[in-house]
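Reading the structure
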Amino acid sequence: MTTTRQIALPIIGLDCMDCARTLEGGVTQLEGVQAAQLNFSTATLTVQYDAQRVSPTEIITRIHELGYDVALGNELVFELDGMDCADCAAKLQQAIAALPNVIEAKVNFATARMHVRGIANQDLPQAVIRQAADLGYTARLPSPAISQAKAPQRRWRDYLSQRARLILTIASGVFWATAIVLRLTGAAEPAVTIAYALAMISGGYHVAKSGWAAFRTTRSLDMNALMSIAAVGAMAIGEWAEGATAMFLFSLGNTLETLTMDRARQAIRKLVELSPKEATRVHGDHRDRVPVEQLRVGDLIEVKPGERVPMDGIVESGVSALNQAPITGESTPVEARPGSPVYAGSINGNGALLIRVTKLAKDNTLARIVQMVQEAQTRRAPMQRFVDTFAKYYTPAVITLATAIAIVPPLAFGAPFFTWFYRALVLLVIACPCALVISTPVAIVSAISNAAHHGVLIKGGMYLEALGRIRAIAFDKTGTLTEGKAAVTEIEPVNSSASLDSAMPPAVPNDSAFTANNILALAASIEVHSQHPVGQAIYEEAQHRRLTLIPASDYQELTGLGGQARINGQIHYIGSHPLFCERVPHEQQICQRINELEAEGKTAVLVGSEENVLGIIAVADRVRETSADVIRALYDLGIAQTVLLSGDNERTAQAIARAVGITQVQANLLPQDKVRAVENLLAEYGNVAMVGDGVNDAPAMARATVGIAMGAAGTDAALETADIVLMSDDLRRIPYLIRLGRRTLQNIQQNIALSLAIKGLFLALAVVGLANLWMAVFADMGTSLIVIFNGMRLLRDS
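Residues numbered from 1 in each chain as written. Predicted model: local features only at pLDDT ≥ 70, side-chain atom pairs only at ≥ 80, totals over all residues. Heavy atoms only, no water.

**Some words on the nonpolar core**
Core analysis: the biggest nonpolar cluster contains 48 residues, and M227, V426, V429, I430, L773 and V777 have the highest contact counts within it. At the level of elements, α6 (189-218), α7 (223-236), α8 (240-273), α11 (382-413), α12 (417-430), α25 (733-767) and α26 (773-792) are the ones that each hand at least two residues to this core. The element contributing the most residues to this core is α12, with nine residues. (Core = buried A, V, L, I, M, F, W, Y, C linked by side-chain atoms within 4.5 Å. Buried < 20%, exposed > 50% of the residue type's maximum accessible area, 1.4 Å probe, protein only. Helix = DSSP H or I, 4+ residues; strand = E, 2+ residues; numbered from the N terminus.)

Spelled out as structure tokens, the structure:
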């Protein structure tokens, strides 16, 4: 089979004949290029090349290396109808890639979309659509709204085009049933034969058309071609009933596969539909509805109660509750008020909001999620690569066997020709590994869609497979197991027997009458000027309790120790234990209490005057309420080890680990230390997941088998660096992911085992003459449908 092709590339930046010769020579030296000729007057380089040794992309790369550019058009994205077979998708991709002016073509079987890159040419879209139609598929570009006059006619034509195979399949079934009735009622044999022939023609029209187009463009036999040959062979030996039954079942199977795969693809399409196509833009007192593509960063939009938020932005005015489940998977509404970030696709509650747009429609969080989910379908899992390699050799091997069976026994041993020819036809039907090829993609697309609807972005099938094999999980501390924000946990007055009545006035009373709120108000009055996270946590707690602060003067920051200020004419201090050891007398029991708090992973802050300590405030990064339950759930799932990797001190890290149930702790780690820790875990356990914030933990996450970023909604860095992204801060997604990964791995293994077993069984039956055509088709199509339905079980919650 010849693989020589020719492509004409428009060159940008060519300004001299000598440069032209250099360009020709540089491209000609590329392995696989047979000839390169440049037309200087039109700045067009015509390249003749061997498609098996070099690709157009590699040729263009060489042109770039030589200092020139190629005038390429924008990437075209086509939606496909009738895509029911992964092997057929590969043939379509090969045929489109062979078109003139096409640089690269990628068909995503899971999403039924085709991406085409080519030379800027206004005829290219139509050429792609025609080629797809020759192969039996409908390809269309998402287009602007059609004029109202043409819309009904266009919609009706599109409907008939998309349903043509279904209509012909029904017709085939009717003719097939008619033939059976005619035979049972004793009708003349010609009438029965005509009915069977009509069943074969109607059921086999698209099959034969696609098979011939695939052979003509790719010089290879796909399932449609093999089935067509089998049907013609059946007619040649007078097996009309078998041929018609086989063709009807094959057409019915293809139709059912298309319908079921469309259902699986619908899960991803629903993500696209979550974001509104229009928004209400506000200009002063004027409001107008505009397509979201017309909005620019900085525009003001209005979202009424019950509407979906059309764009990412910041709330300018209004208060409401937003359902962010489409983004984060969290069904609990989130309060939105001025300054709150909002995401496209969220559902507004009962308040109107004015939102300032912060991202273009193509760049918003939901758009990027959809894009990454679609891209994830193209990243093949290890098992998929195995299946593709197996299928590459399986089909030619079975075709060779079928040829041998048809020829050798009659010629070498005088066996009946028709008997062995019929067995060869049965083998041809078994030759295409449809169920095997589809076994992995349908499981991957279902699992990734399931995860996306739970607010989890999985960037490829390889990560799903890896999740199913994870034996150890490493966690970052801050922002992962904890909330990632310092907060006041305890306020303990010292030398006080008074009630902690929050209604007591905040003014400084006699030392013996201090309450928790008095201590907090005093501390916040000093820390109001502080930029330290602990000081800010104390101030925010006072604001939360709506305490009135005490006028303070002469504030002075005591670097590394705390701060002081004059209140009611007296110096008061707030800070660490060393500060008070140096300046304020206090009892030994205070030191003991500080040690107890620090052993619990908390930071102890003392508040007092020059004479004595008035109170202790404990500040800590609170452990998430779900952390301990999640760790228990992971151990219940059979995870061998969970590890806490923290840059914090040993005492604090140990306290957090005890609180959540983690037994192995590594503290005082720099980013490079975390990488080494992950490498040690990989050496011991083989497959390790790292859970972090996607930014500081990026090196360790990249080194792990799977890197999982938490709370990444709106965080560009996390969306880019992690293998798996949790759009919310819900740690409970981790056990869900482990379960989903294991279910996916088991599902793929089941599909592959079933496909191979049935293929092996019918190969053996066909060789010994115990299988006929319709049985082979029924087994092939039936297995494909079982595999699809089994894979679609992953759409259900895990």
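**Considering helix α20 (residues 627-636)**
Within α20, burial applies to S627, A628, V630, I631 and L634. Summarising the axial view, the buried residues of α20 lie within an arc of 160 degrees, below the 170-degree limit, and thus occupy one face. On the buried face of α20, the contacting elements are β19 (472-476), α15 (477-481), β25 (613-623), β26 (641-645), α21 (650-660) and α25. G638 sits one or two residues past α20 and shows a positive phi near 95 degrees. (Arc of directions from axis to C-beta. Contact = heavy atoms within 4.5 Å.)

**Points about the confidence of the model for the protein chain**
Taken residue by residue, the protein chain gives an average pLDDT of 82. The fraction at 70 or more is 87%. When pLDDT is averaged over each element of the protein chain, α20 comes out on top at 96 and helix α24 (residues 716-721) at the bottom at 60. For residues 144-156, every residue scores under 50 in pLDDT, and the model assigns this stretch two contacts once sequence neighbours within four places are set aside. Confidence over residues 496-513 falls short of pLDDT 50; this stretch has 33 contacts with residues more than four positions distant or in other chains. (pLDDT = per-residue confidence, 0-100.)

**A short note on the state of the cysteines**
For the coordinates displayed, the defined rule picks out zero disulfides. For C581, which is in no disulfide, the shortest distance to another cysteine sulfur is to C591 and amounts to 5.3 Å. The class of C591 is buried, set by a relative accessible area of 13%. (Disulfide = S-S within 2.5 Å.)

**Some words on the packing of aromatic side chains**
Considering all chains together, one arrives at four aromatic pairs under this definition. Pairing W176 with F248 gives two aromatic rings, centres 5.3 Å apart and planes at 20 degrees, and the pair type is stacked. Highlighted residues: W176 in helix α5 (residues 151-184) and F248 in helix α8, separated in sequence by 72 residues. Residue W176 is classed as partly exposed on the basis of its relative accessible area, which comes to 24%. Here the aromatic rings of F417 and F418 are separated by 5.8 Å at their centres, their planes lie at 55 degrees, and the arrangement is tilted. Taking the relative accessible area as the measure of exposure, F417 reaches 44% and is therefore partly exposed. For F418, a relative accessible area of 53% gives the class exposed. Grouping aromatic residues by their ring pairs yields a cluster made of F417, F418 and F421. Looking at R423, its charged tip hangs above the ring of W420, at a distance of 4.3 Å from the centre. (Phe/Tyr/Trp six-rings, centres within 6.5 Å; stacked < 30°, edge-to-face > 60°. Lys NZ or Arg CZ within 6 Å of the ring centre and 35° of its normal.)

**Observations regarding the packing of α12 against α25**
At a closest axis distance of 9 Å, the pairing of α12 and α25 adopts a crossing angle of 170 degrees. On the basis of their axis angle, the class for α12 and α25 is roughly antiparallel. Here W420, R423, V426, L427, V429 and I430 of α12 come into contact with α25, specifically with K759, F762, L763, A766 and V767. Per-class residue counts for the contact of α12 with α25 are nine nonpolar, no polar and two charged. (Axes fitted to C-alpha atoms, helices over the stretch in contact; angles between N-to-C directions. Parallel < 35°, antiparallel > 145°, perpendicular 65-115°, else oblique. Nonpolar A, V, L, I, M, F, W, Y, C, P; charged D, E, K, R; others polar.)

**What to know about the sheet that holds β19**
The mixed open sheet is built from seven strands, whose spatial order is β18-β30-β29-β28-β19-β26-β27. Strands at the two margins of the open sheet, each flanked by one partner only, are β18 (456-458) and β27 (664-666). With direction set aside, neighbouring strand axes in the sheet form an average angle of 20 degrees. Alignment of β18 against strand β30 (residues 724-726), held across three bridges, turns out to be antiparallel. Looking at β30, one finds that L457 is bridged to V725. Together, β18, β19, β28 (688-692), β29 (706-709) and β30 form the strand contacts of α25, whose direction differs from that of β18 by roughly 40 degrees. (Pairing = 2+ DSSP bridges.)

**Remarks on the pattern of salt bridges**
Overall, the coordinates contain 27 salt bridges when judged by the stated rule. The partner of E31 in a salt bridge is R53, and the shortest N-O contact between them spans 3.9 Å. Taken together, the residues E31 in the loop between α1 (17-28) and β2 (33-39) and R53 in the loop between β3 (44-50) and α2 (56-65) connect sequence positions 22 residues apart. With relative accessibility at 58%, the residue E31 sits in the exposed group. Salt bridges linked by common partners bring E79, D81 and R140 together as one network. (Salt bridge = Lys/Arg side-chain N within 4 Å of Asp/Glu carboxyl O.)

**Some points on the environment of H586**
Among the secondary structure elements, H586 is positioned in the loop between α18 (577-583) and α19 (588-599). A relative accessible area of 24% places H586 in the partly exposed class. Between the C-alpha atoms of H586 and L614, which are 28 residues apart in sequence, the distance is 9.7 Å. Ignoring sequence-local partners within four residues, the contact set of H586 consists of H577, F580, C581, C591 and V613.

**Observations concerning the side chain of T744**
The topology assignment puts T744 in helix α25. Residue class for T744 comes out buried when judged on its relative accessible area of 0%. A distance of 2.7 Å separates the side chain of T744 from the backbone oxygen of L740, its partner in a polar contact. Not counting the four nearest positions on each side in its chain, T744 is found in contact with A443, I444, A447, L464 and L794. (Polar contact = N/O pair within 3.5 Å; in protein donor to acceptor, adjacent residues only side chain to side chain.)

**So, the pairing of strand β5 (residues 76-81)**
Walk down a regular strand and you will see the side chains alternate between the two sheet faces. With five of six residues buried, β5 lies mostly within the body of the structure. In terms of strand pairing, β5 meets strand β7 (residues 113-118) through four bridges, oriented antiparallel. Note that in β7 the partner of L76 across the bridge is V116. Note: β5 against strand β8 (residues 138-140), three bridges, orientation antiparallel. The residue of β8 that forms the bridge with D81 is T138.

**Things to note about the environment of A487**
Here A487 lies in strand β20 (residues 482-493). Take A487: its relative accessible area is 14%, and that puts it in the buried class. Distance in space between the C-alpha atoms of A487 and D621 is 6.1 Å, their sequence separation being 134 residues. Contact partners of A487, with chain neighbours within four places excluded, come to A537, A618, V619, A620 and R622.

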